[in-house]
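A closer look at the structure
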Amino acid sequence: MKKVFLTFVFALLSVIGFAQTGWAVDPMHSSVNFNIKHMGISFVQGRFDNFTGKVVTKTNDLDNATFEFTADVNSVNTGVEMRDKHLKSPDFFDVETYPEMRFQSTSITKDKAKNTYILKGKLTIKDVTKDISVPVTFGGTTKNQQGKEVLGFQTAFKVNRLDYNIKYDPTGAGVAKDVDVNLYFELIKQ
């Protein structure tokens, strides 16, 4: 009887140890933002209004988590319709040919600072996929107004647009080469 009980306990612990929790992006409490220097003297800010994403965790933090995000490039929004139309053209994103940007994680490691991680993965923009490494600040988990468990994190990093075949103004004199990206995500436990 003891052997049967111990076998049951070890089996249960194994299942719990390998349990995974899925989290889906809550678009009402998340944002995908960017800004880029213009003419060397000011900045243009923008965002992508439509995006999806999921995170799979094995614990109550981001240790060994996996991340997958997609942004609908056609949803680019800088607040100026003429500029947004130009950004959708082959000069920039070429949304007819490349309708989305994607990120798929390859690893995440806890940094020395509390609640800070280094997330590595593959970022695809247009026809280019590159390895990137970004810092992630984990906000933690809590329950929202509906009693559902939510998880939050944010990251900020730079992307050289020329690396992803966004070649308009390759000198960077009018439109800078580096784009500042700021992502804020709240995800709902599935």
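Just above sits the structure.
Residues numbered from 1 in each chain as written. Predicted model: local features only at pLDDT ≥ 70, side-chain atom pairs only at ≥ 80, totals over all residues. Heavy atoms only, no water.

1. Notes on the pattern of salt bridges
Throughout the structure, instances matching the rule amount to 5 salt bridges. The closest approach of N and O atoms between Asp49 and Arg47, which form a salt bridge, is 2.5 Å. Among the residues examined, Asp49 registers a relative accessible area of 36% and is labelled partly exposed. Look at Arg47 and you get partly exposed, because its relative accessible area is 39%. Between Asp180 and Lys158 there is a salt bridge, with its nearest N and O atoms 2.4 Å apart. (Salt bridge = Lys/Arg side-chain N within 4 Å of Asp/Glu carboxyl O. Buried < 20%, exposed > 50% of the residue type's maximum accessible area, 1.4 Å probe, protein only.)

2. Description of the packing of aromatic side chains
Per the counting criterion, the structure on display carries 10 aromatic pairs. When the ring of Phe69 is compared with that of Phe185, the centres are 4.5 Å apart and the planes differ by 20°; the resulting orientation is stacked. Taken as a pair, Phe69 in strand E5 (residues 66–72) and Phe185 in strand E11 (residues 175–189) lie far apart in primary sequence, 116 residues in all. Per residue, the accessibility class of Phe69 equals that of Phe185, and both read buried. Geometrically, the ring pair formed by Phe92 and Tyr168 is tilted, given 4.8 Å between the ring centres and 40° between the ring planes. Highlighted residues: Phe92 in the loop between helix H2 (81–88) and strand E7 (100–110) and Tyr168 in the loop between strand E10 (149–160) and E11, separated in sequence by 76 residues. Taking relative accessible area as the criterion, Phe92 reaches 7% and is therefore assigned buried. Ring pairing ties together the aromatic residues Phe51, Phe67, Phe69, Phe153 and Phe185, which thus form one cluster. (Phe/Tyr/Trp six-rings, centres within 6.5 Å; stacked < 30°, edge-to-face > 60°. Helix = DSSP H or I, 4+ residues; strand = E, 2+ residues; numbered from the N terminus.)

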